[in-house]
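Listed here are the chains, written in short residue letters.
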Amino acid sequence: MEMAAFETDLSLFKYDNLEQLPPEYRELEENERTERIESALDELGDDVVILGHNYQRREIVEHADFIGDSYQLSKEAAESDAEYVVFGGVTFMAESADIITDDDQSVILPSMEASCPMAGMAEALQVDAAWAELTAATDEEIIPITYMNSYADLKAFCAEQGGLVCTSSNAHKAFEYAFEKGDKVLFLPDKHLGENTAHRLGMADETVEWDPWDAEGTDAEAAVENDVILWEGYCQVHERFRTDHVEQVRADHPEANVIVHPECRREVVEAADRAGSTADICQTVANAEPGDTWAIGTEIHLTHHLQRWHPEVNVLPLCGDACMDCNAMRQIDPNYLAWVLEELVAGRERNVIEVAPEEKDLARVALDRMLEI
Ligand code: 13P
Ligand code: SF4
């Protein structure tokens, strides 16, 4: 199969949307596109599986074989024996799928622009420097945990240092694993998920933020006085939610329950009735009684899916029109999906995500540790 080498270069992410597409795919109308996607899928049969993250657009999830959170999708990727895993998600998810699938399977990301800004907030070189400072400041053992929302080199680093990967649905278990093995946790890159997990485990007073961009910030000696060191990373979509939004929704809809993603700020999670991964949010709404009201504090596409999937439940976006979509997830335009599938039918693999072999084995150790907890 022909491979377009330049398309695997992750440094080439800065395109305007649709620019990477051959012109005939840029103007595709929805009806024609749907027909073409379906006919390509018919031709490819069991050779292809489509995974769709809960934040993907309707026009992507309607073609997905599996829809889920990043943990569920990584398990589906691991269990699939399809030759092509087409990932409706962002780069770190496709990288994880490449790490855990067999070498003869190809993972394809329809658009190479889909990269999560939070994953870019903890670069391996920066983490190496912080690690050197922190480990020099204490004799106690620090275990690094990285959220799935990180690149493969950071996952490999965590494995090398005795740590592991987690997702929002198993961060508490990753902490428990780490504290059985060591004395302290360095949690990367999402400070809010780290802080919310520390609270959940009764460690609220044992956290400190480590800001690699602030030379005047906490020094290593002071940081290691704490058991949980939180890297200064965050998700712009989830940081947007404030306690005011929770108060407003409760004032406007006194019957409403509020559920938020644990990437939200601590005080928002505290003000909500429940916090959970995107899979937990889906399950909570699926379990609701007809007529119940749930206000959702997460990416807006998922709120819209839930409104469509559960019309008997009153599903509201927690901050109304101010709720955001994820710019990275949105890059997976369905026209790209049509293109990569038709290219596969024509015998060409496009936008293949390949993790460097030297990182792959180690990153796999960190992911396997997660799948085992
Ligand atoms: P989940 O693991 O809950 O699907 O979340 C992934 C993510 O990127 C949330 O912003
Ligand atoms: Fe990254 Fe936030 Fe988008 Fe999730 S919602 S992929 S954390 S930017």
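Basis of the calculations
Residues numbered from 1 in each chain as written. Chains lettered and ligands numbered in written order. Predicted model: local features only at pLDDT ≥ 70, side-chain atom pairs only at ≥ 80, totals over all residues. Heavy atoms only, no water. UniProt positions renumbered as here; feature names shortened; annotations may be inferred. Near = heavy atom within 4 Å. Nonpolar A, V, L, I, M, F, W, Y, C, P; charged D, E, K, R; others polar. Helix = DSSP H or I, 4+ residues; strand = E, 2+ residues; numbered from the N terminus. Buried < 20%, exposed > 50% of the residue type's maximum accessible area, 1.4 Å probe, protein only. Expected span 1.5 Å × (residues − 1). Contact = heavy atoms within 4.5 Å. Polar contact = N/O pair within 3.5 Å; in protein donor to acceptor, adjacent residues only side chain to side chain. Areas by Shrake-Rupley, 256 points an atom, 1.4 Å probe, with all protein chains shown as cover.

- As annotated in an unreviewed UniProt entry, the protein chain is Quinolinate synthase from Haloarcula salina.
- The Pathway (unreviewed entry) field of the UniProt record for the protein chain holds the comment "Cofactor biosynthesis; NAD(+) biosynthesis; quinolinate from iminoaspartate: step 1/1."
- The Catalytic activity (unreviewed entry) comment attached to the protein chain in UniProt states, word for word, "iminosuccinate + dihydroxyacetone phosphate = quinolinate + phosphate + 2 H2O + H(+)".

## Comments concerning the site of ligand 2
Phase 1 of the analysis: With respect to spatial proximity, the complete set of residues near ligand 2 consists of Tyr 55, Cys 116, Pro 117, Met 118, Asn 149, Cys 235, Glu 263 and Cys 326.
Phase 2 of the analysis: Here the residues of the shell around ligand 2 sort into six nonpolar, one polar and one charged.

## Regarding the environment of Gln 248
Phase 1 of the analysis: As for its position among the elements, Gln 248 is in helix 12 (residues 243-252).
Phase 2 of the analysis: Judged by relative accessible area, which is 47%, Gln 248 ranks as partly exposed.
Phase 3 of the analysis: Distance from Gln 248 to Cys 319, taken between C-alpha atoms, is 8.5 Å for residues 71 residues apart in sequence.

## Structural notes on helix 18 (residues 357-372)
Phase 1 of the analysis: In this model helix 18 runs 23 Å from its N-terminal to its C-terminal C-alpha over 16 residues, within 8% of the 22 Å that 1.5 Å per residue would give.
Phase 2 of the analysis: Regarding helix 18, the residues found buried are Lys 360, Ala 363, Ala 366, Leu 367, Arg 369 and Met 370.
Phase 3 of the analysis: Of the surrounding elements, those touching the buried residues of helix 18 are helix 4 (70-79), helix 5 (91-100), helix 7 (152-160), strand 7 (164-166) and helix 8 (171-181).

## Brief notes about the site of ligand 1
Phase 1 of the analysis: Neighbouring ligand 1 are the residues His 53, Tyr 55, Asp 69, Ser 70, Tyr 147, Asn 149, Ser 168, His 238, His 261, Glu 263, Ser 277 and Thr 278.
Phase 2 of the analysis: In the environment of ligand 1, an oxygen atom lies 3.0 Å from a nitrogen or oxygen atom belonging to the side chain of Ser 168.
Phase 3 of the analysis: Taking Thr 278, its side chain carries an N or O atom lying 2.8 Å from an oxygen atom of ligand 1.
Phase 4 of the analysis: A total of 300 Å² of accessible area belongs to ligand 1 in isolation, and the protein chains cover 96% of it.
Phase 5 of the analysis: Tallied by class, residues from the shell around ligand 1 come to two nonpolar, eight polar and two charged.

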